[in-house]
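# Structural overview
Okay, here's what each chain looks like letter by letter:
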Amino acid sequence: RDSFPPKLDVVHRFDSHPIHKLCYYASTTTKEELRQAIANHQSLTPVQPVQDQFGMTPFHVLLSSPNPRQDLLLVLLEYYPPSVLD
């Protein structure tokens, strides 16, 4: 039987979401690492931020940090303009 609510795999949450992972570890992420991960992702899919199993985009992950980094937010906004965030 399916359980309700569905079980979420927190341990492997970022395995298929490298951009989310870099945003989660923002204190050690460089702008260039984030740019490269986004460029690699965009070569496979259209320009749209992906949601993880919790429904969070990289923006949610980055801005949930106790000390969100403006430089990384600006990198996200370079690739995901407001028009795709609606």
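The coordinates are above.
Attention in this report is confined to the structure presented alongside it.

### Looking at the layout of surface pockets
The volume enclosed by the largest pocket comes to roughly 180 Å³. What lines the largest pocket is a set of 13 residues, and nearest its centre among them are Cys 23, Tyr 24, Val 61, Ser 65 and Pro 66. Considered class by class, the residues forming the lining of the largest pocket number 7 nonpolar, 4 polar and 2 charged.

### A look at the packing of aromatic side chains
For the structure on display, the rule yields 3 aromatic pairs. Measuring from centroid to centroid gives 6.1 Å for Phe 59 and Tyr 80, while their planes differ by 65 degrees, and the two rings are edge-to-face. Of the two residues, Phe 59 sits in helix α3 (residues 58-63) while Tyr 80 sits in the loop between α4 (70-79) and α5 (82-85), which places them 21 residues apart along the sequence. Across this residue pair, the class does not change: Phe 59 and Tyr 80 are buried. The rings of Phe 14, Tyr 24 and Tyr 25 are connected pair by pair, giving a single aromatic cluster.

### A few points about α4
In an α-helix there are 3.6 residues to a turn, and that puts residues three or four apart on one side. Buried residues of α4: Leu 72, Val 75 and Leu 76, and no others. End-on view of α4: buried residues confined to an arc of 100 degrees, all on one side of the axis.

Cut-off values and rules
Each chain carries its own residue numbering, running from 1 in the direction its sequence is written. Note on the predicted model: pLDDT of at least 70 is required for a residue's local features to be given, and 80 or more for side-chain atom pairs to be given and counted; whole-chain, interface and lining totals, by contrast, use all residues. Side-chain numbers come from the whole structure's heavy atoms, not from hydrogens or water. Both site types are read off a 1 Å grid over the protein atoms alone. A 1.4 Å probe that fits but cannot get out defines a cavity, while an open set with protein on both sides within 12 Å along at least five of seven lines defines a pocket; lining residues have an atom within 4 Å of a point. Grid points are joined across faces, edges and corners, and a volume is the space filled by probe spheres set on the points. Each residue gets one of three labels, nonpolar for Ala, Val, Leu, Ile, Met, Phe, Trp, Tyr, Cys and Pro, charged for Asp, Glu, Lys and Arg, and polar for the others, Gly among them. Stacked, tilted and edge-to-face are the three classes assigned to paired rings of Phe, Tyr and Trp, where Trp is represented by its six-membered ring and a pair needs centres within 6.5 Å; plane angles under 30 degrees give stacked, over 60 edge-to-face, the rest tilted. Here a helix means four or more residues in a row that DSSP labels H or I, a strand means two or more in a row labelled E, and each is numbered from the N terminus. Buried means the residue's accessible area, taken with a 1.4 Å probe over protein chains only, is under 20% of the maximum for its type, while exposed means over 50%, and partly exposed covers the values in between. Note that the arc is defined by the directions from the helix axis to the C-beta atoms.

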